[in-house]
Amino acid sequence: MRAFLRADPDVIMIGEMRDHETASIGVEASLTGHLVFSTLHTNSAPETVTRLLDMGLNPLNFSDAFLGVMAQRLARRLCKSCKESYVPSEEEFNDIVQDYGEEYWERAGIKDNNDLKLHKPVGCAECSNVGYKGRMGIHELMEGTKPIKRMIKKEESTEACLPRPPRKA
């Protein structure tokens, strides 16, 4: 990495940050004006920050270098040929509202389960009777905003980075 930096690249791509040395060189490169991209195995975007700090990165330097982190997962895609739409039961609807967050659900404008249409797998010859065909990416972006950088400097927990519901007037 150090030898590579002597070539003065504008953009640096690090395969994976697995240890303190690699992570700290990446942060140093970022602080000297290089755009640094890397990968890291975590379960969510906020957990990436926690993992890097656990590797021993200096929170002040890291927060200054931090532009953002994107987490991604692959999810099975319902087969377009056989997926079937349905209206969820009241119990299923309430579970969805609870999981999504009641405070946020109000903004969706969906009042009851009859306003919501979901899809379920069925199975056909095109998907080998499993109901799924292909995958789709689900992405989560956490930007390096001033509040996030402040939390990094204070080494706050991952839960502190999660969005908070809006205050009611």
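Every chain is numbered independently, its residues counted from 1 as its sequence is written. With pLDDT at 70 or above as the cut-off, local features in this predicted model cover only qualifying residues; side-chain atom pairs require 80 or more to be listed or tallied, and sums for whole chains, interfaces and linings still use all residues. Derived side-chain values reflect all non-hydrogen atoms in the structure, with water molecules and hydrogen atoms excluded from consideration.

Description of a positive patch on the surface
Together, Lys146, Arg150, Lys153 and Lys154 make up a positively charged patch on the protein surface. Residue position: Lys146 is located in helix α7 (residues 146-153). The buried label goes to any residue with under 20% of its type's maximum accessible area, the exposed label to any with over 50%, and the partly exposed label to all in between, with areas taken from a 1.4 Å probe on protein chains only. Given a relative accessible area of 69%, Lys146 falls into the exposed group. Within this analysis, patches are made of residues with over 30% relative accessible area and no salt bridge. Like charges are joined at 9 Å or less; nonpolar side chains (Val, Leu, Ile, Met, Phe, Trp, Tyr) at 5 Å or less. To be clear on the numbers: accessible area is Shrake-Rupley with a 1.4 Å probe, and residue cover counts the displayed protein chains and nothing else. The salt bridge criterion pairs a side-chain nitrogen of Lys or Arg with a carboxyl oxygen of Asp or Glu, the two atoms within 4 Å. Counted as positive: Lys and Arg. Counted as negative: Asp and Glu. His and the chain ends are not counted at all. Where a charge lies is defined by one atom per residue type, namely NZ (Lys), CZ (Arg), CG (Asp) and CD (Glu). Secondary structure elements follow DSSP: runs of H or I no shorter than four residues count as helices, runs of E no shorter than two count as strands, and numbering proceeds from the N terminus.

So, helix α3 (residues 45-54)
Think of an α-helix as 3.6 residues a turn; residues three or four steps apart then line up on the same face. For α3, the set of buried residues is Ala45, Pro46, Thr48, Val49, Leu52 and Leu53. Viewed along the axis of α3, the buried residues span an arc of 155 degrees, placing them on a single side of the element. Here, two residues are considered to be in contact whenever any of their heavy atoms come within 4.5 Å of each other. In this fold, the buried residues of α3 make contact with α2 (20-31), α4 (59-65), β3 (68-78), β6 (132-143) and α7. Two residues or fewer after α3 comes Gly56, characterised by a positive phi angle close to 105 degrees. Note: the arc covers the axis-to-C-beta directions of the helix.

Structural notes on α7
The complete set of buried residues in α7 reads Ile148, Lys149, Met151 and Ile152. An end-on view of α7 places all buried positions within 155 degrees of arc, on one side of the element. Backbone geometry just after α7 places Glu155 at a positive phi near 55 degrees.

With respect to a nonpolar patch on the surface
The grouping of Val11, Met13, Leu35, Phe37 and Leu67 at the surface amounts to a nonpolar patch, some 520 Å² of accessible area in total. Counting residues per element, the ones that place at least two in the nonpolar patch are β1 (11-14) and β2 (35-38). The residue Leu67 is located in the loop between α4 and β3 in this model.

Focus: the layout of surface pockets
The space that makes up the largest pocket amounts to roughly 990 Å³. Residue lining of the largest pocket: 32 residues in total, with Ser38, Thr48, Gly68, Val69 and Met70 positioned closest to the centre. At the level of secondary structure, the elements contributing two or more residues to the lining of the largest pocket comprise α2, β2, α3, α4, β3 and β6. Examining the composition of the lining of the largest pocket, we find that six residues originate from one element, β3, more than from any other. Throughout this entry, Asp, Glu, Lys and Arg are counted as charged residues, while Ala, Val, Leu, Ile, Met, Phe, Trp, Tyr, Cys and Pro are counted as nonpolar. The remaining residues, Gly among them, count as polar. Of the residues belonging to the lining of the largest pocket, the class tally is 17 nonpolar, 13 polar and two charged. Points on a 1 Å grid, built from protein atoms alone, make a cavity when a 1.4 Å probe fits but cannot get out and make a pocket when they are open with protein on both sides within 12 Å along at least 5 of 7 lines; residues with an atom within 4 Å of a point are the lining residues. Grid points are joined across faces, edges and corners, and a volume is the space filled by probe spheres set on the points.

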